2 protein chains.
Amino acid sequence: MPLFMDVHTMDGTVGLDDVAQAHQADLRVQATHGVNYQRYWVDEQNGKIFCLVEAPDAAAAAQVHREAHGLVADEIWPVAEGE
Amino acid sequence: MPLFMDVHTMDGTVGLDDVAQAHQADLRVQATHGVNYQRYWVDEQNGKIFCLVEAPDAAAAAQVHREAHGLVADEIWPVAEGE
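Residues numbered from 1 in each chain as written. Chains lettered and ligands numbered in written order. Predicted model: local features only at pLDDT ≥ 70, side-chain atom pairs only at ≥ 80, totals over all residues. Heavy atoms only, no water.

- In the annotation of an unreviewed UniProt entry, chain A is listed under the name SCO4226 family nickel-binding protein and assigned to Pseudonocardia ailaonensis.

## Some words on the packing of aromatic side chains
Link 1 in the chain: The full count for this structure, using the stated rule, is 2 aromatic pairs over all chains.
Link 2 in the chain: Seen from their ring centres, W41 of chain A and W41 of chain B are 5.4 Å apart, and the 55 degrees between their planes marks the pair as tilted. Linking W41 of chain A in strand β2 (residues 36-43) with W41 of chain B in strand β2 (residues 36-43), this pair reaches from one chain into another. For the pair shown, W41 of chain A and W41 of chain B are each scored as buried.
Link 3 in the chain: On the numbers, 6.2 Å between centres and 75 degrees between planes, the contact of F50 of chain A with F50 of chain B is edge-to-face. Of this pair, F50 of chain A sits in strand β3 (residues 48-54) while F50 of chain B sits in strand β3 (residues 48-54), placing the two residues on different chains.
Link 4 in the chain: Given the relative accessible area of 0%, F50 of chain A is considered buried. (Phe/Tyr/Trp six-rings, centres within 6.5 Å; stacked < 30°, edge-to-face > 60°. Helix = DSSP H or I, 4+ residues; strand = E, 2+ residues; numbered from the N terminus. Buried < 20%, exposed > 50% of the residue type's maximum accessible area, 1.4 Å probe, protein only.)

## Here we look at the interface of chain A and chain B
Link 1 in the chain: With 22 residues of chain A at the contact, the number on the chain B side is 22 residues.
Link 2 in the chain: Contact with chain B buries area across many residues of chain A, yet R39, W41 and W77 of chain A alone supply 27% of it, more than any other trio.
Link 3 in the chain: For the interface between chain A and chain B, the tally reads 2 salt bridges.
Link 4 in the chain: Broken down by secondary-structure element, the contributors of at least two residues to the side of chain A that touches chain B are β1 (3-9), α1 (16-29), β2, β3 and β4 (75-81) of chain A.
Link 5 in the chain: A per-element tally of the side of chain A that touches chain B places β4 of chain A first, with 6 residues.
Link 6 in the chain: Broken down by class, the residue content of the side of chain A that touches chain B amounts to 13 nonpolar, 3 polar and 6 charged.
Link 7 in the chain: Relative to β2 of chain B, β4 of chain A runs antiparallel, the two sharing 2 bridges. Bridging across to β2 of chain B, A80 of chain A finds its partner in V42 of chain B. (Contact = heavy atoms within 4.5 Å. Buried area = accessible area lost by both parts, 1.4 Å probe. Salt bridge = Lys/Arg side-chain N within 4 Å of Asp/Glu carboxyl O. Nonpolar A, V, L, I, M, F, W, Y, C, P; charged D, E, K, R; others polar. Pairing = 2+ DSSP bridges.)

Below you can see the structure in the form of structure tokens.
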């Protein structure tokens, strides 16, 4: 399954707890789209969020975010993990 | 130890093997700076690289890249990993 890193750039700060709740919402929705949000990292002060996600394609990953909480990423990059 | 996600935006494509060699160079240099480059992800076509790194501060992480291969990241963000 293709792997992606998405990048959210929020307007202002973002709380780790808020992102955790959004992630839980993703987990509840993702299976129907064949998507797997694996890990995520948050810069609370700068409002930056990175999500590592397996998905059939970038659109499916975005659709899960859209349905789960509406915060679609600003960028999404198809990546390979290095050894 | 603080955790960071850095982002390299290369001019054109980048090869996974080249990034793997650069990562190995980081591993050889990092200990003296108390830095630990943990994982990295590469978008070969778009020339994007994401490095997850533990470091005393962002400058130390950048110094390892500088000494190891000269490819200092374009962005570096202090992050917390979500649960």
